[in-house]
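# Remarks on the overall topology
The chain contents come next:
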Amino acid sequence: YGNFIDDLRVYVRGGTGGMGYPRLGGEGGRGGDVWFVARERLTLKGIKEKYPNKRFVAGTGANSSVIALKGKKGKDCEVHVPPGISLVLDDGKQIGELNAAGERFLAARGGLGGSLATNFLPCKGQKRIIHLDLKLIADVGLVGFPNAGKSSLLSKISHAKPEIASYAFTTIQPELGKVIYADHKQISVADLPGLIEGAHVNRGMGHKFLKHVERTKQLLLVVDISGFQLSLKTQFRTAFETILLLTKELELYKEELVTKPALLAINKMDLPCAKDNLNELMSQLQNPQDFLHLLEEEMVPANTLEFKEVIPISTYTGEGIEELKTCIRKSIDEEAERENEEYHRKKLLLLQTSQ
């Protein structure tokens, strides 16, 4: 993953309460709380560099005294984190998430101050070890095996400058690009580390890749029309088999991923025999059930992906790139409209039931 960090383990502790005042029945102040607050333009790498010990402790509550029988609350500790964070304990239990700037989560509560109930002795604050698990939030996630041309495609349709190589090279860190349209509408596209067969069981980038797909609104599968072979030791896969295997990897990781709206970009249409291969692929996609026997039974997905559009492209010549950008925009707009209608329908239903 290189320098990109998408998981950070931190220690948080609420402040200890203040001492009570037995003679006058005074109550110590409560310890401060530790809060995680989502802020734009932050990275986990930046947090790690700023706080190398990765410890966040809130302030201690003030002791009760003759001057102030009720002690002041300890100072809260605010930790600013990027949006798209899941908060996970060491045992894997998710305790919360922060998806938009401004959202807050109470990570560790401060201890109570000393009072009659506690024999005037203060309580310690809550302490936890929490994983800040980042899942990139993007409108569109590029999905494909290594060397399918995802990085080249991202550089063509957006202002991102991902690393590109001519061998079976897989992106080793996620790249986020913005597709900007004539009316200034912006759509974020994430080029995610390339899948390999067996990614669902954590081979290659495995879960490091697949967890980022969860937060993308739509999928854009990028497939090499001439097929794919990772190395001489692995089996050659046709474009159709590649689509099925990608679907299987998504399905095995989390079934809901296959229900996301999806587009299919058939890349490298500048190669010889590309037109013949495309005709064959289109007939296979029209009746996928007739060709499932091409793969071993355990590699066949339970549900095949339904593509809203299939767009032949060439990142080398630029063929189909503008059409693809138009299709992405259309698909995102349609989905937003559908969600809007769904929202208004629910609101109307609530209004009718309340009346």
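Residues numbered from 1 in each chain as written. Predicted model: local features only at pLDDT ≥ 70, side-chain atom pairs only at ≥ 80, totals over all residues. Heavy atoms only, no water.

## Some thoughts on the environment of T238
To keep things clear, this is the line we draw: Runs of H or I in DSSP of at least four residues are treated as helices and runs of E of at least two as strands, each being numbered from the N terminus.
Checked against the element boundaries, T238 lands in the loop between strand 12 (218–224) and helix 4 (239–253). Considering only alpha carbons, one finds T238 and N277, 39 residues apart in sequence, at a separation of 9.2 Å.

## Quick look at the pattern of salt bridges
Under the convention used in this document: What counts as a salt bridge is simple: a side-chain nitrogen of Lys or Arg found within 4 Å of a carboxyl oxygen of Asp or Glu. Residue exposure (1.4 Å probe, protein chains only): buried if accessible area is under 20% of the type maximum, exposed if over 50%, otherwise partly exposed.
Evaluated as defined, the whole model comprises 26 salt bridges. Residues E342 and R345 are paired through a salt bridge, measuring 3.1 Å at the closest nitrogen-oxygen approach. With a gap of 3 residues between them, E342 and R345 both fall in helix 6 (residues 321–354), about one helical turn apart. Its relative accessible area of 48% is what places R345 among the partly exposed residues.

## Observations concerning a nonpolar patch on the surface
Quick note on the threshold: In this analysis, a patch consists of residues with relative accessible area above 30% that form no salt bridge, clustered at 9 Å for like charges and at 5 Å for the nonpolar side chains Val, Leu, Ile, Met, Phe, Trp and Tyr. In these tables, accessible area is a Shrake-Rupley quantity obtained with a 1.4 Å probe, and a residue counts as shielded only by the protein chains included in the view.
On the surface, L24, V66, I67 and L69 cluster together into a nonpolar patch covering about 420 Å² of accessible area. By the secondary structure assignment, I67 is in the loop between strand 3 (55–57) and strand 4 (77–81).

## Some words on the sheet that holds strand 11 (residues 186–191)
Within a sheet, neighbouring strands are paired by backbone hydrogen bonds and run either parallel or antiparallel to one another. Quick note on the threshold: By the convention used here, strands pair only if DSSP detects at least 2 bridges between them. A fitted line through C-alpha atoms represents every axis, and for helices the fit uses only the stretch in contact; the resulting angles, taken between N-to-C directions, go from 0 to 180 degrees. By definition in these notes, contact holds between two residues if any of their heavy atoms fall within 4.5 Å.
An order of 10-11-9-12-13-14 is seen for the 6 strands of this open sheet, with the pairing classed as mixed. The two strands at the open ends of the sheet, each matched to only one other strand, are strand 10 (175–180) and strand 14 (307–312). Geometrically, the sheet is characterised by an average inter-axis angle of 25° between neighbouring strands, direction not taken into account. Where strand 12 meets strand 13 (residues 262–267), 6 bridges bridge the pair, whose relative direction is parallel. Along strand 13, the bridge assignment pairs L221 with L264. Contacts between helix 2 (residues 150–157) and the sheet are confined to strand 9 (140–143), strand 10, strand 11 and strand 12, with strand 11 contributing the most and set at about 160° to the helix. Its contacts with the sheet put helix 4 on strand 9, strand 12, strand 13 and strand 14, and the angle it makes with strand 12 is roughly 145°.

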